[in-house]
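Here is what each chain is made of, one letter per residue.
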Amino acid sequence: MAAEQYDIIIIGGGPVGMALALALHDTGISSFLLEARGLPEKIEDPRPLALSHGSHLILHRLGVWNNLTQNTPITTIHISNRGNFGQTILTSHDAGVPTLGFVVNYHDLFRSMHKKLTASKANYIAGAAVTRLETHESSGTVYFDYQGKEESVAAKLLVLADGGHLAKQLPDITYQTHDYQQWAVVANVKAEKKQTGIAYERFTIDGPVALLPHQEDFSLVWTVSPETAKEITALNDEAFLTRLHQHFGDRLGKFIAAGKRSAFPLTLKYATPITTQRIALIGNAAQTLHPVAGQGFNLGLRDAYELANEIITTKNTRNEVGTSTMLSKYRQSRQMDSSAGRIFTDSLVKLFSNESKMLRQACGLGLSTLDCMPPFKRFVARRMIFGARG
Ligand SMILES: Cc1cc2nc3c(=O)[nH]c(=O)nc-3n(C[C@H](O)[C@H](O)[C@H](O)COP(=O)(O)OP(=O)(O)OC[C@H]3O[C@@H](n4cnc5c(N)ncnc54)[C@H](O)[C@@H]3O)c2cc1C
């Protein structure tokens with residue numbers, strides 16, 4: 001393949017990279033997407049994603065939603081604080097939207113987006129692992145391994161949607177990181193009570209545990225220390241379910257069945273700045289958050305959507321794509337939403353997982369106060385659904 005010139009090259013065909021490719025499709029902008037992994041049918045990643053109502057609207061506009069039949073609506077979020085008083089209930093009515101969001105699996109979302117991408121005949125190749133980037137004042141070049149050979153391709157703008165691996169090569173971009181010393185254990189679980197559209201987020205001293213409605217049952221995201229993650233993933237189903245019942249409490253009765261368990265290490269990681277010469281970062285490459293309150297993908301999808309808008313506006317006004325002026329507009333448009341998402345999730349984890357009894361009681365008081373203040377509840381709910389624009 002010769003070093004062909006595109007407007008945009010997207011590196012990383014995860015859900016955020018694919019969203020950008022779809023948003024640019026049929027706009028007169030030439031784009032090329034490179035994904036390191038092979039066939040999408042083989043991708044098994046059972047992590048549940050709570051998609052906000054705002055993300056649902058974006059996926060609908062991108063033509064992905066109709067393929068995503070495996071989705072379960074969330075109508076209520078129940079937030080509680082284990083071992084302390086205080087709880088808050090957020091409903092779709094509080095937020096003024098038909099549903100707060102939907103729960104889907106990462107691999108179902110991945111396959112639906114891939115199906116749409118293939119149907120729209122976008123320039124996309126799987127099994128292409130990018131190894132190196134070079135940028136100059138007026139363009140950037142990407143080098144990648146494909147079928148045992150090194151290939152290269154050039155564009156006005158390179159977009160990193162690779163989860164944050166390649167930006168480490170870029171001297172102008174630094175990552176701030178914080179290892180939470182927590183892992184998320186995920187599994188589908190069945191309880192004595194069936195799900196009724198309520199997503200439970202329960203804070204505990206070891207970290208939050210979420211039970212999200214998923215088909216008739218629940219998707220579990222259980223945050224624990226790295227040692228406990230190893231221990232509970234190795235338990236037999238009966239012992240695992242008893243341990244979960246002891247931890248979560250009796251709100252759903254006993255847990256009676258569990259699917260395959262997987263575990264993910266949890267780190268906060270964010271790039272500063274999120275652009276450099278002819279390069280923009282989106283999704284997990286720009287910020288990787290703790291899964292508490294399900295913000296990461298929702299935020300990444302808004303990165304992709306805002307960047308697409310910036311690119312389309314630039315092209316429509318006959319300006320050049322990928323210049324420092326365009327990148328500065330993208331950076332500014334994402335600043336508030338990204339910082340708010342990061343500070344919100346990081347504060348929730350640090351405040352509620354704190355060993356100080358006084359602080360945990362203060363958090364409980366905060367939850368009860370929030371529950372009694374409908375305008376503030378509406379603000380929080382809309383912020384979670386639509387980001388900074390909520
Ligand atoms: C347990 C858990 C639960 C979560 N729950 C939620 C939730 O409820 N709601 C929510 O909004 N978010 C949630 N998240 C966060 C969400 O999973 C991420 O924010 C989302 O997956 C980010 O998507 P992405 O496309 O940016 O990155 P990724 O999904 O990491 O995709 C990156 C892609 O880039 C490719 N790639 C990497 N390197 C290269 C290379 N060199 N060349 C080419 N391609 C490359 C990879 O193969 C991959 O396909 C959760 C995360 C975890 C761990």
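One can find the structure itself at the top, above this paragraph.
Residues numbered from 1 in each chain as written. Predicted model: local features only at pLDDT ≥ 70, side-chain atom pairs only at ≥ 80, totals over all residues. Heavy atoms only, no water.

Some remarks on the site of the ligand
- Around the ligand sit 33 residues, and of these Glu35, Arg47, Ala50, Tyr106 and Phe297 come closest.
- Here a nitrogen atom of the ligand and a backbone polar atom of Pro48 are 3.2 Å apart.
- Within the side chain of Asn284, one N or O atom sits 2.9 Å away from an oxygen atom of the ligand.
- In isolation the ligand has 1000 Å² of accessible area, and contact with the protein removes 90% of it.
- Secondary structure elements with two or more residues in the shell around the ligand: helix H1 (15-24), strand S2 (31-35), strand S3 (48-52), strand S9 (128-135), strand S12 (174-191) and helix H7 (296-316).
- Per-class residue counts for the shell around the ligand are 18 nonpolar, eleven polar and four charged. (Near = heavy atom within 4 Å. Polar contact = N/O pair within 3.5 Å; in protein donor to acceptor, adjacent residues only side chain to side chain. Areas by Shrake-Rupley, 256 points an atom, 1.4 Å probe, with all protein chains shown as cover. Helix = DSSP H or I, 4+ residues; strand = E, 2+ residues; numbered from the N terminus. Nonpolar A, V, L, I, M, F, W, Y, C, P; charged D, E, K, R; others polar.)

Some points on the packing of H1 against helix H4 (residues 106-119)
- Where H1 meets H4, the axes come as close as 10 Å, and the angle between the chain directions of the two elements is 25°. Classified by the angle between their axes, H1 and H4 sit roughly parallel to one another. Considering how the two elements wind past one another, H1 and H4 form a crossing that is left-handed. For the pair H1 and H4, the contacting residues are Pro15, Met18, Ala19, Ala21 and Leu22 in the first and Tyr106, Leu109, Phe110, Met113, His114, Lys116 and Leu117 in the second. (Axes fitted to C-alpha atoms, helices over the stretch in contact; angles between N-to-C directions. Parallel < 35°, antiparallel > 145°, perpendicular 65-115°, else oblique. Left-handed = near helix turned anticlockwise from the far one by under 90°. Contact = heavy atoms within 4.5 Å.)

Comments concerning the nonpolar core
- By size, the foremost hydrophobic cluster in this structure holds 73 residues, and its most contacted members are Leu34, Leu133, Val142, Leu160 and Leu281.
- Leave out the neighbours within four places in its chain, and Leu281 touches Leu160, Ala167, Ile173, Tyr175, Ala271, Ile274, Ala286 and Tyr330.
- Ile79, Phe203, Ala210 and Val221 belong to the second-largest nonpolar core, a separate cluster that totals 32 residues. (Core = buried A, V, L, I, M, F, W, Y, C linked by side-chain atoms within 4.5 Å. Buried < 20%, exposed > 50% of the residue type's maximum accessible area, 1.4 Å probe, protein only.)

Some words on the pattern of salt bridges
- Under the counting rule described, the total for this entry stands at 15 salt bridges.
- Between Glu150 and Arg132 there is a salt bridge whose closest N-O contact spans 3.8 Å. Within this pair, whereas Glu150 is found in strand S11 (residues 149-160), its partner Arg132 is found in strand S9, the two being separated by 18 residues in sequence.
- Exposure remark for Arg132: the relative accessible area of 34% places this residue in the partly exposed category.
- In this structure, Asp237 and Arg261 form a salt bridge, with 2.6 Å as the shortest nitrogen-oxygen distance. (Salt bridge = Lys/Arg side-chain N within 4 Å of Asp/Glu carboxyl O.)

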